[in-house]
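Commentary on secondary and tertiary structure
For reference, the chains in residue letters:
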Amino acid sequence: HVVDGTFELFRCWFGAPKAQTSDGREVGAVRGILRTLLRLLEEDDTTHVGVAFDRVIESFRNDLFVGYKTGDGIEPDLLGQFPLAEQAARAMGLVVWPMVTFEADDALATAAWRWKDEVDQVQICTPDKDLAQCVTGDRIVLRDRIRKKILNEDGVFEKFGVRPASIPDYLALVGDTADGIPGIPKWGAKSSGLMLAHYGSVEAIPVNHDDWAVK
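What you see is a predicted model; the values in this text were computed from it and never measured.

1. What about the pattern of salt bridges?
Under the criterion given, the structure shown has twelve salt bridges. Linking Glu43 and Arg143 is a salt bridge whose minimum nitrogen-to-oxygen distance equals 2.7 Å. One end of the pair, Glu43, is in the loop between α2 (28-41) and β2 (50-54); the other, Arg143, is in strand β5 (residues 140-144), with 100 residues separating them in the sequence. By relative accessible area, Glu43 is classed as partly exposed at 25%. Residue Asp106 is joined to Arg61 by a salt bridge in which the shortest nitrogen-to-oxygen separation is 2.8 Å. With a gap of 45 residues between them, Asp106 in helix α6 (residues 104-115) and Arg61 in helix α3 (residues 61-64) connect regions that are remote in the sequence. Residue Asp106 is classed as buried on the basis of its relative accessible area of 18%. Relative accessible area serves as the criterion here: at 24%, Arg61 is assigned to the partly exposed category.

2. Quick word on the environment of His48
By the element assignment, His48 lies in the loop between α2 and β2. In this structure, the C-alpha to C-alpha distance between His48 and Val95, residues 47 residues apart in sequence, is 8.7 Å. In this structure His48 touches His1 and Val119, once residues within four positions along its chain are discounted. Polar contacts involving the side chain of His48 include one to the side chain of Thr47, which spans 2.7 Å.

3. Concerning the pairing of β2
Looking along a regular strand, one sees the side chains alternate between the two faces of the sheet. Within β2, five of the five residues are buried, which leaves the element mostly enclosed by the surrounding structure. In β2, alternate side chains face the same way, and those of Gly50, Ala52 and Asp54 on one face and Val51 and Phe53 on the other are all buried. Of the pairings in the sheet, the one linking strand β1 (residues 2-4) to β2 comprises three bridges and is parallel in character. Residue pairing across strands places Asp4 opposite Ala52, the latter belonging to β2. As judged from the five bridges shared by β2 and strand β3 (residues 95-99), these two strands associate in the parallel manner. Among the inter-strand pairings, Asp54 is bridged to a residue of β3, identified as Met99.

4. Details of the nonpolar core
Residues Ile124, Leu142, Val156, Phe160 and Ile167 are the most contacted members of the largest nonpolar core, which totals 25 residues. Where this core is concerned, the elements lending two or more residues are α6, β4 (122-125), β5, α7 (153-160) and α8 (167-174). No other element matches α6, which puts five residues into this core. Beyond its immediate stretch of four places on either side in the chain, Leu142 contacts Ile124, Thr126, Asp128, Leu131, Ala132, Val135, Lys149, Ile150 and Leu151. Within the second largest apolar cluster, 23 residues are counted, among which are Val49, Phe53, Ile57 and Leu78.

5. Structural notes on the sheet that holds β5
In space, the six strands of this open sheet follow the order β3-β2-β1-β4-β5-β6, with mixed pairing throughout. Edge positions in the sheet fall to β3 and β6 (149-151), since each has one partner strand and no second. On average, each strand axis in the sheet is tilted by 25 degrees relative to the strand beside it, whichever way the strands run.

Reading the values: rules and limits
- Residues numbered from 1 in each chain as written.
- Predicted model: local features only at pLDDT ≥ 70, side-chain atom pairs only at ≥ 80, totals over all residues.
- Heavy atoms only, no water.
- Salt bridge = Lys/Arg side-chain N within 4 Å of Asp/Glu carboxyl O.
- Helix = DSSP H or I, 4+ residues; strand = E, 2+ residues; numbered from the N terminus.
- Buried < 20%, exposed > 50% of the residue type's maximum accessible area, 1.4 Å probe, protein only.
- Contact = heavy atoms within 4.5 Å.
- Polar contact = N/O pair within 3.5 Å; in protein donor to acceptor, adjacent residues only side chain to side chain.
- Pairing = 2+ DSSP bridges.
- Core = buried A, V, L, I, M, F, W, Y, C linked by side-chain atoms within 4.5 Å.
- Axes fitted to C-alpha atoms, helices over the stretch in contact; angles between N-to-C directions.

So this is what it looks like as structure tokens:
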């Protein structure tokens, strides 16, 4: 199991009760993430767990695209809990990847690919659709622990209408507000899915629409 620690901390910030230390430091989200990680460890099929955190929100992608997500607007009491969450996860005996230049997503994708042949199955624990591009058959799957759903390769196609390899192109067309990606006007999920299911990538779509094999 490779866990999106950044998402889990955000989820606990908004969903778990607030709590303060004796000196007034907010720690409610950290307490919440410890509980959710403990529940994962108690599952029968859990053998290896790695947790990735965005130590800083910005990454090399901010140099590539000015509109990419930043840490602006994030509550200081939430940002202040990231180092403590890393420390707490390590204290549980988990492997922790604190990301600076790259993102937590990059750590999850790398770990899934690196160890896919070492275990029966890699579960990428996040609802982030970006990671759907990593899904490989039943070997690497995407797990949404909130909705208790697991997406294998067929599941990705059923949900998005495209295969995992086409997910980056799909999000480029429809946009991704969570990452600040605007998308292309008038390209919705249906039209993007139909085109990419046939052509596979944006680059493969003929420039002249008269040459399109998809209506």
